[in-house]
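# Residue-level structural notes
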Amino acid sequence: MNPIRTALVGCGKVGQIHAAALCTLPESHFVAVCDSQLERAQAFASRYNVAPFDSVEEMIRNCAVEAVMICTPHPLHDQPCIVAAESGAHVLVEKPLASSLAACDAMIAAAENSNVLLGVVSQRRLFEPVQRMKAAIDAGKIGRPILGTFTGLSWRDEAYYRSDPWRGKWATEGGGVLVNQSPHQLDLLQWFLGPIDEITGYWSNLNHPYIEVDDTAIAIIRFRSGALGNVVTSLSQKPGIYTKVHIHGESGASVGVQTDTGATFVAGVTSIVEPPTNDLWTIPGEEHLLPKFQAADRDRCRQIDPTTHYHALQIQDFLRAIHDDHPPLVPGREGRIVVEIFSAIYRSNELRQPIKFPVI
Ligand SMILES: NC(=O)c1ccc[n+]([C@@H]2O[C@H](COP(=O)([O-])OP(=O)(O)OC[C@H]3O[C@@H](n4cnc5c(N)ncnc54)[C@H](O)[C@@H]3O)[C@@H](O)[C@H]2O)c1
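Now for a quick tour of the structure. (Residues numbered from 1 in each chain as written. Predicted model: local features only at pLDDT ≥ 70, side-chain atom pairs only at ≥ 80, totals over all residues. Heavy atoms only, no water.)

This next bit is on the overall build of the protein chain. Of regular secondary structure, the protein chain possesses 13 helices and 14 strands. Taken over the C-alpha trace, the protein chain has a radius of gyration of 20 Å; the compact-globule value for 360 residues is 21 Å, and the two agree within 12%. Looking at the protein chain as a whole, 58% of its 360 residues are labelled buried. Partitioning the contacts of the protein chain with sequence separation of at least 6, the portion at a separation of at least 24 is 69%. Carbon and sulfur atoms make up 53% of the accessible area of the protein chain, which amounts to about 14600 Å² in all. Charged side chains of the protein chain number 30 positive and 39 negative; the gap between the two group centres comes to 4 Å. (Helix = DSSP H or I, 4+ residues; strand = E, 2+ residues; numbered from the N terminus. Rg over C-alpha atoms; globule rule 2.2 N^0.38 Å. Buried < 20%, exposed > 50% of the residue type's maximum accessible area, 1.4 Å probe, protein only. Contact = heavy atoms within 4.5 Å. Areas by Shrake-Rupley, 256 points an atom, 1.4 Å probe, with all protein chains shown as cover. Lys, Arg positive; Asp, Glu negative; His and termini not counted. Charge placed at Lys NZ, Arg CZ, Asp CG, Glu CD.)

What follows covers the sheet that holds strand β12 (residues 254-261). Taken together, eight strands build an open sheet; the order of strands is β13-β12-β11-β7-β10-β9-β8-β14 and the sheet is mixed. A single partner strand is all that each edge strand has here, and the edge strands are β13 (277-281) and β14 (355-356). Pairing analysis gives two bridges linking strand β8 (residues 196-204) to β14, with the strands arranged antiparallel. Directly across from I199, in β14, lies its bridge partner I355. Here helix α13 (residues 332-351) sits on the sheet in contact with β8, β9 (216-223) and β14, set at roughly 65° to β8. (Pairing = 2+ DSSP bridges. Axes fitted to C-alpha atoms, helices over the stretch in contact; angles between N-to-C directions.)

So, on to the pattern of salt bridges. Counted under the stated rule, the structure contains 22 salt bridges. Between R300 and E128 there is a salt bridge whose closest N-O contact spans 3.3 Å. One end of the pair, R300, is in helix α11 (residues 289-303); the other, E128, is in helix α6 (residues 128-138), with 172 residues separating them in the sequence. For E286, the salt bridge goes to K141, with nearest N and O atoms at 2.8 Å. Linking E286 in the loop between β13 and α11 with K141 in the loop between α6 and β7 (145-153), this pair joins segments that are 145 residues apart in sequence. Connected through salt bridges with shared partners, the residues E128, R132, D297 and R300 form a single ionic network. (Salt bridge = Lys/Arg side-chain N within 4 Å of Asp/Glu carboxyl O.)

Relative orientation of the contacting elements helix α1 (residues 13-22) and helix α2 (residues 38-48) amounts to 30°, with a least axis distance of 11 Å. Viewed along their axes, α1 and α2 adopt a mutual orientation that is roughly parallel. The two elements α1 and α2 cross, and the hand of that crossing is right-handed. Contact residues: G15, Q16, A19 and A20 in α1; F44, R47 and Y48 in α2. (Parallel < 35°, antiparallel > 145°, perpendicular 65-115°, else oblique. Left-handed = near helix turned anticlockwise from the far one by under 90°.)

What follows deals with the nonpolar core. Grouped burial of nonpolar side chains is what soluble globular proteins tend to show. Ranked by internal contacts, the top residues of the largest apolar core, which has 77 residues, are M59, V68, L97, L118, F192, I199 and I247. The contacts of L97, once residues within four sequence positions are left out, are H77, C104, M107, I108, L118, V120, G332, G335, R336 and V339. Core analysis: the second largest hydrophobic core is formed by 31 residues, A19, L22, I315 and I322 among them. (Core = buried A, V, L, I, M, F, W, Y, C linked by side-chain atoms within 4.5 Å.)

Moving on to the pairing of strand β2 (residues 28-34). Across the seven residues of β2, six count as buried, placing the element largely inside the fold. Of the crossover connections in this fold, the one passing from strand β1 (residues 4-9) over α1 to the parallel β2 is right-handed. Where β2 lies against strand β3 (residues 51-53), three bridges are found, and the strand directions are parallel. Across the sheet, residue C34 finds its bridge partner in β3, namely F53. Considered for its hand, the β-α-β crossover made up of β2, α2 and β3 is right-handed. (Right-handed = clockwise from strand over helix to strand, strands pointing away.)

At a minimum axis separation of 9 Å, helix α3 (residues 56-63) and helix α4 (residues 78-86) run at an interaxial angle of 30°. Judged by the angle between their axes, α3 and α4 are roughly parallel. Classified by chirality, the crossing of α4 by α3 is right-handed. Side by side, α3 and α4 meet where V56, E57 and I60 of the first sit next to P80, V83 and A84 of the second. Looking at the contact of α3 with α4 residue by residue, the classes come out as five nonpolar, no polar and one charged. (Nonpolar A, V, L, I, M, F, W, Y, C, P; charged D, E, K, R; others polar.)

In the sheet, β8 pairs with β9 via eight bridges, with the strands oriented antiparallel. When the sheet's bridge partners are listed, Y202 is paired in β9 with I218. Bridge analysis of β9 against strand β10 (residues 228-234) gives seven bridges, and the strand direction is antiparallel. From the neighbouring strand, I221 faces β10, where its bridge partner is G229. Where β9 hands over to β10, the hairpin turn is made up of four residues, of which G226 adopts a positive phi near 100°.

What follows concerns the packing of aromatic side chains. Summed over all chains, the structure comprises eleven aromatic pairs. Through a chain of ring-to-ring contacts, three or more aromatic side chains come together here, namely W170, W203, F342 and Y346. (Phe/Tyr/Trp six-rings, centres within 6.5 Å; stacked < 30°, edge-to-face > 60°.)

Set out below in structure tokens:
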């Protein structure tokens, strides 16, 4: 395929991972970067030999950009995404799609009206242990999935929240652990268990007095299929312990993944050192496969850099989706479901009642 002319908006921490992928993928011709702080764009531009801008519209027009990656803080995803879509560029947005449902709806409408693709990053879907679980569930190997759990026991310290002025505040981050550290596993739960009927949730700030937002949240989910699920997600364990998603089937069999060991990585600051791996596999006749899966996952992580590899795979999927004219791995409408989930948990906590889906 002819390389697609690519650019990114937001030359910060995760922007480095996108830039590295955009200048190495054969599907990409990386041409430009944009940041509201022009000096940040200039620093990226000289490192990656592309053109710097502080206006998305000008960047797309001057460099004939065809696909844009949005790597700005969550409440600032919608504005550059809408400008890019209305300028005719396809848009891949960092997670979560946005921090409000109104912003998601405006982004989805802009992409649909301009006939461009809108995707959202959820690179943990591409972890091999996660792909194995999805294949087993879809093949009916655990029967109907009836119970799912997402347990995230992680840690962020004061230095992390002081590292950027937008972190830890409702106005500029849009939320806490639910909005920033949990979208990947919330996405996996809904990917494995399907549409949601109702959520009851609570959030709290247990041991981060220097931030406004949630450092811990729990939720009970009833899925439309009748399946049940729960969420325990926290940044209050020092050191961080693990993040896991487990799915149990009607047959009694279970499959699970430990997506993260210790505290989840901070893009551009720390790396994934332990391989994501299956930690649970009780499908009859396949129990002996678990150590083999774990060995394969360890071997793979010695050959690739897991901190950047899965981002590159998802960006590659997005560029191929543009070329082949099919939906990307995670379309904007699926990214909206994650925003619906955390919005429902916040609303349930506020109203002290279950929240029915769809959430408007
Ligand atoms: N998929 C993942 O694993 C992953 C990992 C880390 C971060 N993220 C997501 O990436 C996004 C950015 O996080 P980060 O840690 O890189 O933040 P960051 O603060 O390091 O970088 C954000 C950059 O955006 C720029 N910016 C802000 N407003 C802008 C605007 N209106 N137009 C252009 N540029 C603007 C800032 O100047 C900054 O350079 C967040 O949504 C976060 O959730 C995803």
